[in-house]
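One letter stands for each residue in the lines below.
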Amino acid sequence: MTELLYETVIDGGKHWSFIARRGTLLTLTDRAGGANVGMLFYNPENPLERYNAPDTLKCQQTFRLTRGHCLYSDMGRIFCSVVADTVGWHDTVAGNANKALVAERWGIQTYQDHRNDWTQNGHDAFLVEAGKYGLGRRDLAANVNWFSKVAPAADGTLHFDRTNSPAGSSVALRFEMDTLVLLHTCPHPMYPAGPYPRKPVALQFSKADPVAADDYCLNLRAENGRGFKNNEIYHLCAADAGAHSC
Amino acid sequence: MTATAAATSTEKFSGLVSREVVPPGGRWSRRLETGQRLRIIDLEGQQAVDFLCYSAELPLDRINLPNTIKLNKSLYITKGCKIYSDRAKVLFTVIEDTCGFHDTLAGCCSNEIDLVRYNVKKTKSCRANFIAELATWSMGASEIVPNINFFMRVPFKEDGHVVIADGISKSGDYVELLAGMPVLAVLSNCPQELNPAAGSKPTPIEVIVYNPGSP
């Protein structure tokens with residue numbers, strides 16, 4: 001990895017947001033095992049352009065996300081590419097838990113009694129972060145759940161794999177355009193009942209190497225080549241176009 | 001093929017509210033009241049119908065497929081399934097289904113993603129249809145979320161591989177939905193000719209709204 005620019009740890013059950021500039025490498029690390037990071041992506045220049053999970057899956061013919069996959073907007077552009085992954089399966093189908101589900105599955109802990117260890121839920125976490133950019137309920141979409149695996153059986157039933165992400169697992173995202181990122185570390189909606197799962201996640205920011213002609217994500221499928229081309233068109237005359245040409 | 005009167009179903013409905021043939025590539029929307037039924041008929045078979053729905057009272061509360069698949073415990077929609085909103089309210093219940101297999105995974109086609117997928121510049125897509133139809137209700141692109149694809153088949157393998165396969169719906173297959181609240185239903189009769197979603201040859205559908213038990 002290139003020089004580490006910033007590192008932080010988000011405890012379980014928390015949320016954050018930031019604008020990742022094009023060329024940023026973000027590495028997420030599941031410190032304790034069994035973490036979940038809900039994530040949504042928007043174009044900060046036009047937040048109507050947002051992450052589209054169905055397009056991402058169908059254009060790469062996959063149900064899971066892992067190394068080589070690109071995360072597409074609903075305008076056919078690529079927010080980020082998964083350039084490294086020790087896990088092999090990340091969910092983008094099962095969505096979020098809400099307040100009622102959290103209360104039913106893992107109980108209620110209030111801020112008054114537990115301070116920062118109150119039982120936040122992914123849906124409300126996204127709303128709080130979205131609101132900081134003038135976004136609201138109508139702007140939410142189906143999200144990614146990093147480190148979580150939900151596998152379908154042949155009959156369509158879904159199964160949550162609790163062993164998917166051991167401690168130390170990591171996934172690295174290279175941002176291919178400026179991207180507003182909303183994230184939370186609240187429990188996956190299919191995590192089993194018990195104590196509220198509170199799993200810390202480390203975030204490391206560095207500068208990504210330029211996308212080379214033989215880049216794995218760029219060449220994974222012909223579709224991704226065309227997605228990168230859409231980004232290139234979007235970035236025509238951008239100041240950094242030469243330094244990070246697709 | 002163009003829609004003709006001869007292609008429609010022959011069944012009579014008491015309490016009929018509306019009955020329309022939507023041509024291939026066409027779009028449709030209507031407000032339904034609680035208890036009204038919406039029947040969507042695949043007139044010629046193998047036709048994907050992209051479907052969204054919203055609380056008519058609070059359109060922010062809208063179809064949420066992650067909630068729908070979690071609460072039904074299945075990726076597939078069929079008879080007995082409920083269509084849930086963001087707030088886990090029941091927008092519709094599927095009360096009849098002669099096809100047995102409806103997709104929740106693949107979303108809608110768009111001019112943009114068709115360029116990525118097929119390297120073809122298109123001027124017609126379900127996303128464009130949704131934007132145009134939602135505009136008639138003063139709603140916009142922000143209201144487009146992952147949708148159901150009635151009559152569309154997307155099988156998956158255990159390794160996570162998925163691909164859009166040939167539809168299995170036959171001529172006359174239908175799905176019937178019961179409105180659980182006042183609801184706005186919006187659909188696009190998929191114009192996709194580049195994959196098997198609509199049998200590679202889009203065909204008309206019939207859309208019927210009625211009040212069961214009414215004369």
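Residues numbered from 1 in each chain as written. Chains lettered and ligands numbered in written order. Predicted model: local features only at pLDDT ≥ 70, side-chain atom pairs only at ≥ 80, totals over all residues.

Enquirer: Would you take a moment to explain the overall build of chain A for this structure?
Expert: Counting its secondary structure elements, chain A contains six helices and 13 strands. Scaling as 2.2 N^0.38, a compact globule of 246 residues should have a C-alpha radius of gyration of about 18 Å, and chain A matches this with 18 Å. Each of the three principal axes of chain A carries a C-alpha extent, and together these read 55 × 40 × 35 Å. A buried classification covers 52% of the 246 residues belonging to chain A. (Helix = DSSP H or I, 4+ residues; strand = E, 2+ residues; numbered from the N terminus. Rg over C-alpha atoms; globule rule 2.2 N^0.38 Å. Buried ≥ 20, exposed ≤ 12 C-beta atoms within 10 Å, placed from the backbone.)

Enquirer: Before we go on, may I ask you to explain the overall build of chain B in this structure?
Expert: Counting its regular elements, chain B contains three helices and ten strands. In chain B, the order of α-helices and β-strands from amino to carboxyl end is β-β-β-β-α-β-β-α-α-β-β-β-β. Referenced to the eigenvectors of the C-alpha coordinate spread, the extents of chain B come out at roughly 50 × 40 × 35 Å. Split into buried and exposed, the 215 residues of chain B put 53% on the buried side.

Enquirer: Looking at this structure, I do not really get unusual backbone geometry. What am I missing?
Expert: When glycine is set aside, most residues are seen to have a negative phi, and most peptide bonds are trans. Its identity is not glycine, yet Gln61(A) carries a phi of approximately 50 degrees, on the positive side. Mapped onto the fold, Gln61(A) is located in the loop between helix H1 (53-59) and strand E6 (70-72).

Enquirer: Help me understand the interface of chain A and chain B in this model?
Expert: Interface size is commonly expressed as the accessible surface area that is lost when the partners come together. Contact with chain A, which involves 37 residues of that partner, is made by 35 residues of chain B. Elements supplying a minimum of two residues to the side of chain A that touches chain B: H1, strand E9 (150-152) and helix H6 (222-234) of chain A. Ranked by the residues each element gives to the side of chain A that touches chain B, the list is headed by H1(A), at six residues. For the side of chain A that touches chain B, a count of residues per class yields 17 nonpolar, eleven polar and nine charged. (Contact = placed C-beta atoms within 7 Å. Nonpolar A, V, L, I, M, F, W, Y, C, P; charged D, E, K, R; others polar.)

Enquirer: Teacher, can you tell me more about helix H4 (residues 122-131) of chain A here?
Expert: For an α-helix, 3.6 residues make a turn, and residues three or four places apart therefore share a direction. All names here are of chain A. The set of residues buried in H4 consists of Gly122, His123, Ala125, Phe126, Glu129 and Ala130. One side of H4 holds all its buried residues, which, seen down the axis, span an arc of 160 degrees. Looking at the packing, one finds that the buried side of H4 touches strand E2 (15-20), strand E4 (37-43) and strand E12 (179-184). (Arc of directions from axis to C-beta.)

Enquirer: Would you mind showing me how to read the nonpolar core here?
Expert: Generally speaking, a soluble globular protein has its nonpolar side chains buried in company with each other. Core analysis: the biggest nonpolar cluster contains 125 residues, and Met39(A), Ile40(B), Val49(B), Cys53(B) and Val183(B) have the highest contact counts within it. Those residues in contact with Met39(A) that sit more than four places away from it in its chain are Asn143(A), Val144(A), Trp146(A), Val181(A), Leu182(A) and Leu183(A). (Core = buried A, V, L, I, M, F, W, Y, C linked by C-beta atoms within 7 Å.)

Enquirer: Which parts of the structure should I look at to understand helix H2 (residues 99-106) of chain A?
Expert: Residue and element names in this part refer to chain A. For H2, the set of buried residues is Leu101, Val102 and Trp106. The buried residues of H2 occupy an angular sector of 100 degrees when the element is viewed end-on, so they sit on one face. Facing away from the buried side of H2 by more than 90 degrees, the exposed set consists of Ala100 and Glu104. Positive backbone phi, approximately 85 degrees, marks Gly107, located one or two places after H2.

Enquirer: What is the right way to read the sheet that holds strand E8 (residues 173-179) of chain B from this model?
Expert: Hydrogen bonds between backbone groups are what pair the strands of a sheet, and the pairing can be parallel or antiparallel. Residues and elements named next belong to chain B. Ordered in space as E1-E10-E3-E8-E6-E5, the six strands form an open sheet in which the pairing is antiparallel. Taken across any chain shown, the strands that pair with only one partner, and hence form the sheet edges, are strand E1 (16-22) and strand E5 (82-84). When strand polarity is set aside, the average angle formed by the axes of neighbouring strands in this sheet is 20 degrees. As paired strands, E5 and strand E6 (residues 90-97) are joined by three bridges and run antiparallel to one another. Across the sheet, Ile83 pairs through a bridge with Phe92, a residue of E6. (Pairing = 2+ DSSP bridges. Axes fitted to C-alpha atoms, helices over the stretch in contact; angles between N-to-C directions.)

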